[in-house]
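Inside the fold
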Amino acid sequence: MSLFIYNSLSRTKEKFEPLHPGMVSIYVCGPTVYGHAHLGHAKSYVSFDVVVRWLRYKEYHVKYVQNITDVGHLTDDADEGEDKIAKQARIEKTDPMEISQFYTRSFYEDMDRLDVLRANIAPAATAHIPEQIALVEKLIATGHAYEIQGNVYFSVESFPDYGKLSGRTDQDALQSGVRIEMRSDKRHPSDFALWKKAEEGHLMKWNSPWSVGYPGWHLECSAMSMKYLGETIDIHGGGMENKFPHHDCEIAQSEAATGKPYVRYWMHNNMVTVNGVKMGKSLKNSVNLKDVFKETDPRVIRFFVLQSHYRSQLDYSESAIKASTTGLEKLRETQRRILEAKPGSAAFNLEPFIDRFTNAMDDDFNTPVALAVLFDLSKSINAALDRNEGITEESRQQAAAFFQTAGTDLLGILPLHGQTIGRDTVQTNKKLDGIMNILLELRAEARNNKDFALSDKIRDRLLSVGIEIKDTKEGVNWSSKPGV
RNA sequence: GGCGAAGUGGCCGAGUGGUUAGGCAGAGGUCUGCAAAACCUUGUACAGCGGUUCGAAUCCGCUCUUCGCCUCCA
């Protein structure tokens, strides 16, 4: 079975064939580090995390690059705006380097909690100024860029394919809708900045052949992608809102410089909305991950994200998170049962489930269907375990292995094999284990004496502090509820 | 205005020219001292109007609505 990926450039699902057999180069647009990560970041990076995990599962050697943007993105127009990081530095009364370092660490903290695997290379834009300057020089030399008064612009007219990703190919027609003609020395209004001369008081600036200044918005991704992955890469991922202008500009400057295709498969993930409206930092409706994690297990967020397709919008609400919490808990319970089940006699055939799971993932990373397979399997396994004959030890081990592979290794929504589910945060606390044993013992005595008032009191009081007791055929078990 | 995506049962959310998506919530039941969990049963959806077809929610057209991009944004 082959992997098919929806290519935003061709707008069709295409069979995935990397440039070099067995190797995959992938570049994903990283965050601009001037604020804490929000749910939108979670959707994006969880989605691409699963992409990378699946590619590795399929035994590709994956080289994954995800940049950190710590300079260059302006708050407003190319000619008028302020660097967002510099602005945040001003607000926080510190300098830009501290801002980018602080929020970079914050970003990784959140991603680690989401179990998003780190990229192989995480290059910072400010650490690759020479590479960006070299790219600009190349574009000037080939006639695709021009310098005016210390600023360098890419000439859109020199690259006829400009706008092919977003479908904005007729530059002149596009100008009709422009509200205000900007004061600018650009030759064509659609030309975009490759290098900007620093104004008075600008903190982040570097020497260049043209001026003391800073690189343009789109340059870093091209420069760093080519440096670490080569002139043609297999997959470039990012948010849909970046198709234009960011990715179209990347294509233009990269392909103009090398004469080669820049990206073989463009992947764009969709937005997170809140009450149907896009979540965005500038819209001030963004849901901060650090706040979310105070009340919600990060794995629930992963599960929530993966329950919809990466190309679909995902609407955030309290009730949706609650539904996800309950749904994920069901899978965890099944995993627990599998791990703790006593061997029976009936064989259980796992193959159809594995096939369905594989087909779903191979079909443009269809995680909602993959999860549905896990739920179907969960139901079948539970039903089998409910029957007196149970399942054989071999079947049990196969099921455990599949839950481990699919749920933990690939989707990252279930705890590690061997780790006691639901208790992972308290497992190391041996005193708590001891206390729980005492309480469960006392409760068992109460129940034997038919003192249900006491036994229920123990159960209810424990539940009120977030520990749930369940009486099952296999005996009593307890778990720390996620999020409590 | 231009470019693009989408409208699915109470909610979330996949998919498909004719066969149960899945989850959550609800109802009934089994089990349990009671709960919880699990399992069984139950809902029979696809914006509207035309068209193509033996057959469309799935293809085509039109209408309505929503969302994203066209300023930085995952």
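Residues numbered from 1 in each chain as written. Chains lettered and ligands numbered in written order. Predicted model: local features only at pLDDT ≥ 70, side-chain atom pairs only at ≥ 80, totals over all residues.

**What to know about the sheet that holds strand β10 (residues 263-269)**
Hydrogen bonds between backbone groups are what pair the strands of a sheet, and the pairing can be parallel or antiparallel. A sheet is described by the order of its strands in space; here four strands give the open sequence β4-β3-β9-β10, paired in parallel fashion. In the strand order of this sheet, the two ends are held by β4 (61-66) and β10, each with one partner. Neighbour-to-neighbour, the strand axes of this sheet turn through a mean angle of 20°, independent of strand direction. Bridge analysis of strand β3 (residues 23-28) against β4 gives six bridges, and the strand direction is parallel. In the strand pairing of β4, Met 23 is matched with His 61. This element, helix α1 (residues 39-57), spans β3, β4, β9 (233-239) and β10 of the sheet and lies at about 160° to β4. Sheet strands touched by helix α6 (residues 219-229): β3, β4 and β9. Its angle to β4, the strand with the most contacts, is close to 155°. (Pairing = 2+ DSSP bridges. Helix = DSSP H or I, 4+ residues; strand = E, 2+ residues; numbered from the N terminus. Axes fitted to C-alpha atoms, helices over the stretch in contact; angles between N-to-C directions. Contact = placed C-beta atoms within 7 Å.)

**Thoughts on the confidence of the model for chain A**
As a note on interpretation, predicted positions should not be read in detail where pLDDT is low. Of all residues in chain A, 91% have pLDDT values of 70 or greater, and the mean over the chain is 87. In the model, residues 176-182 has pLDDT below 50 throughout and makes three contacts with residues more than four positions away in sequence or in other chains. In this model, residues 417-428 is a region of pLDDT below 50 whose contacts with residues beyond four sequence positions or in other chains number 21 contacts. Interface confidence in the predicted complex, given as ipTM, is 0.94; pTM for the same model is 0.90. (pLDDT = per-residue confidence, 0-100.)

**Re the protein's contact with RNA strand B**
Near RNA strand B, the surroundings consist of 69 residues, among which Gly 40, Gly 167, Gly 239, Ser 312 and Gly 327 are the closest. Split by residue class, the surface near RNA strand B holds 21 nonpolar, 29 polar and 19 charged. (Near = placed C-beta within 6 Å. Nonpolar A, V, L, I, M, F, W, Y, C, P; charged D, E, K, R; others polar.)

**Quick word on the domain arrangement of chain A**
What the domain assignment reports for chain A is domain 1 (13-278), domain 2 (329-410) and domain 3 (430-480). Computed over C-alpha atoms, the centres of domain 2 and domain 3 are 29 Å apart. (Domains from an automatic or database assignment.)

**Notes on helix α15 (residues 452-464)**
Over its 13 residues, α15 extends 18 Å from the first C-alpha to the last, a length consistent with the 18 Å expected when each residue adds 1.5 Å. Remark: Gly 466 follows α15 within two positions and exhibits a positive phi of approximately 95°. (Expected span 1.5 Å × (residues − 1).)

**Some words on the sheet that holds strand β5 (residues 145-148)**
One open sheet holds the four strands; their spatial order is β5-β6-β7-β8, and the pairing between them is antiparallel. With one partner strand each, in any of the chains shown, β5 and β8 (213-215) form the two edges of the open sheet. Neighbour-to-neighbour, the strand axes of the sheet open up by a mean angle of 20°, direction not taken into account. Relative to β8, strand β7 (residues 192-197) runs antiparallel, the two being bridged by three bridges. Bridge pairing links Lys 197 to Gly 213 in β8. Contacts from helix α4 (residues 129-141) reach β5, β6 (151-154), β7 and β8, with the element oriented near 105° to β5.

**Side note on α6**
Across the eleven residues that make up α6, a large majority, nine, are buried. Among the residues of α6, Leu 219, Glu 220, Cys 221, Ser 222, Ala 223, Met 224, Ser 225, Met 226 and Leu 229 are the ones counted as buried. (Buried ≥ 20, exposed ≤ 12 C-beta atoms within 10 Å, placed from the backbone.)

**Some thoughts on the environment of Phe 159**
Here Phe 159 lies in the loop between β6 and α5 (171-175). Measuring from C-alpha to C-alpha, the distance between Phe 159 and Glu 137 comes to 17 Å, with 22 residues separating the pair along the chain. Sequence-distant contacts of Phe 159, defined by excluding residues within four places in its chain, comprise His 144, Ala 252 and Ala 256.

**As for the packing of helix α10 (residues 318-340) against helix α12 (residues 367-386)**
Across the interface, α10 lies against α12 with an axial gap of 10 Å and an inter-helix angle of 45°. When the axes of α10 and α12 are compared, the pair comes out oblique. As for how α10 packs across α12, the hand of that crossing is left-handed. Where α10 abuts α12, its residues Lys 330, Leu 331, Thr 334, Arg 337 and Ile 338 lie against Leu 374, Ser 378, Ile 381, Asn 382 and Leu 385. Across the contact of α10 with α12, the residue classes tally to five nonpolar, three polar and two charged. (Parallel < 35°, antiparallel > 145°, perpendicular 65-115°, else oblique. Left-handed = near helix turned anticlockwise from the far one by under 90°.)

**Focus on unusual backbone geometry**
A cis geometry characterises the amide bond from Phe 244 onward to Pro 245, with omega recorded as 0°. Along the chain, Pro 245 turns up in helix α7 (residues 243-258). In this structure, Asp 364 takes a positive phi of about 55° despite not being glycine. Among the structural elements, Asp 364 can be located in the loop between α11 (351-362) and α12. Classification of Asp 364 by C-beta neighbours within 10 Å gives buried; the count is 20. One non-glycine residue with positive phi stands out, namely Phe 365, at about 55°. Residue placement: Phe 365 occurs in the loop between α11 and α12.

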